[in-house]
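So you can see what is in the structure, the chains are spelled out below.
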Amino acid sequence: MNIGTKEIHSYHVYIITNKNKTVLYIGVTNHLSRRLFEHSENIKLNKKSFASKYNCEYLLYFEKFTWIQEAIGRENEIKGWSRSKKETLIKTINKNMEFLNDFFSYQL
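This write-up is about the structure you can find in this document.

Procedures and definitions
Residues numbered from 1 in each chain as written. Predicted model: local features only at pLDDT ≥ 70, side-chain atom pairs only at ≥ 80, totals over all residues. Heavy atoms only, no water. Buried < 20%, exposed > 50% of the residue type's maximum accessible area, 1.4 Å probe, protein only. Helix = DSSP H or I, 4+ residues; strand = E, 2+ residues; numbered from the N terminus. Pairing = 2+ DSSP bridges. Lys, Arg positive; Asp, Glu negative; His and termini not counted. Salt bridge = Lys/Arg side-chain N within 4 Å of Asp/Glu carboxyl O. Polar contact = N/O pair within 3.5 Å; in protein donor to acceptor, adjacent residues only side chain to side chain. Contact = heavy atoms within 4.5 Å. Core = buried A, V, L, I, M, F, W, Y, C linked by side-chain atoms within 4.5 Å. Arc of directions from axis to C-beta.

1. Brief notes about the pairing of strand β1 (residues 11-17)
Successive residues of a regular strand alternate their side chains across the two faces of the sheet. Burial of β1 is extensive: seven of the seven residues sit out of reach of the surface. Looking at chain direction, β1 and strand β2 (residues 24-29) are connected through six bridges and run antiparallel. Bridging from a neighbouring strand, Y14 pairs with G27 of β2. Count of turn residues in the β1/β2 antiparallel hairpin: six residues, of which K21 carries a positive phi of about 60 degrees.

2. As for the side chain of E57
Mapped onto the fold, E57 is located in the loop between α2 (50-53) and β3 (58-65). One buried charged side chain, E57, makes no salt bridge at all; its nearest oppositely charged neighbour is K44, positioned 6.6 Å away. Here the side chain of E57 touches S40 through a polar contact of 2.7 Å, side chain to side chain. Those residues in contact with E57, other than ones at most four positions away along the chain, are I16, T17, L36, H39, S40, I43 and N101.

3. With respect to the environment of T88
As for its position among the elements, T88 is in helix α4 (residues 83-93). Take T88: its relative accessible area is 53%, and that puts it in the exposed class. When the C-alpha atoms of T88 and L24 are compared, they prove to be 13 Å apart, with 64 residues separating the residues in sequence. Side-chain polar atoms of T88 contact the backbone oxygen of S84, separated by 3.0 Å.

4. Some details on the nonpolar core
The biggest cluster of nonpolar side chains holds 14 residues, and the ones touching the most others in it are V13, I15, I78, L89 and I90. If you list the elements that add at least two residues to this core, you get β1, β2, β3, α3 (68-79) and α4. In contact with L89, not counting residues within four places along its chain, are I15, Y61, E63, R74, I78 and W81. With ten residues, the next largest nonpolar core counts I16, L36, L100 and F104 among its residues.

5. Regarding α4
Note on helix geometry: an α-helix contains 3.6 residues per turn, so any two residues three or four positions apart are oriented the same way. Of the positions making up α4, those classed as buried are K86, L89 and I90. For α4, the angular spread of buried residues about the axis comes to 100 degrees, placing them on one side. Turned more than 90 degrees from where α4 packs its buried face, S84, T88 and T92 sit exposed. Next to the buried residues of α4 lie β1, β2, β3 and α3.

6. Re unusual backbone geometry
Even without being a glycine, K21 presents a positive backbone phi close to 60 degrees. If you trace the backbone, K21 turns up in the loop between β1 and β2. K21 gets classed as partly exposed once you look at its relative accessible area, which sits at 28%. Positive phi, close to 50 degrees, is recorded for M97, a residue that is not glycine.

Okay, here's the thing in structure tokens:
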């Protein structure tokens, strides 16, 4: 970074689900496409995590932030909500709760 310039950071709060949309997982990351890839790989490798245990790898919702503190605060806020409130939030950008992964493909 050059002195006098600011580096722009990007963080995402995201909600993923399993194939049948029975579980919602909320997370935060600085690289959404990579993180979605990691969730898929963790399932294949039988990693011991909540998302892997419940096969959560399908993106339903995301928000973008510049500051990690704001992203973490938003993640914690959403985690405290009821399922119905989370679904209402998802439907603000994804009315039919379709999987959005294809918009975030990750290249190795």
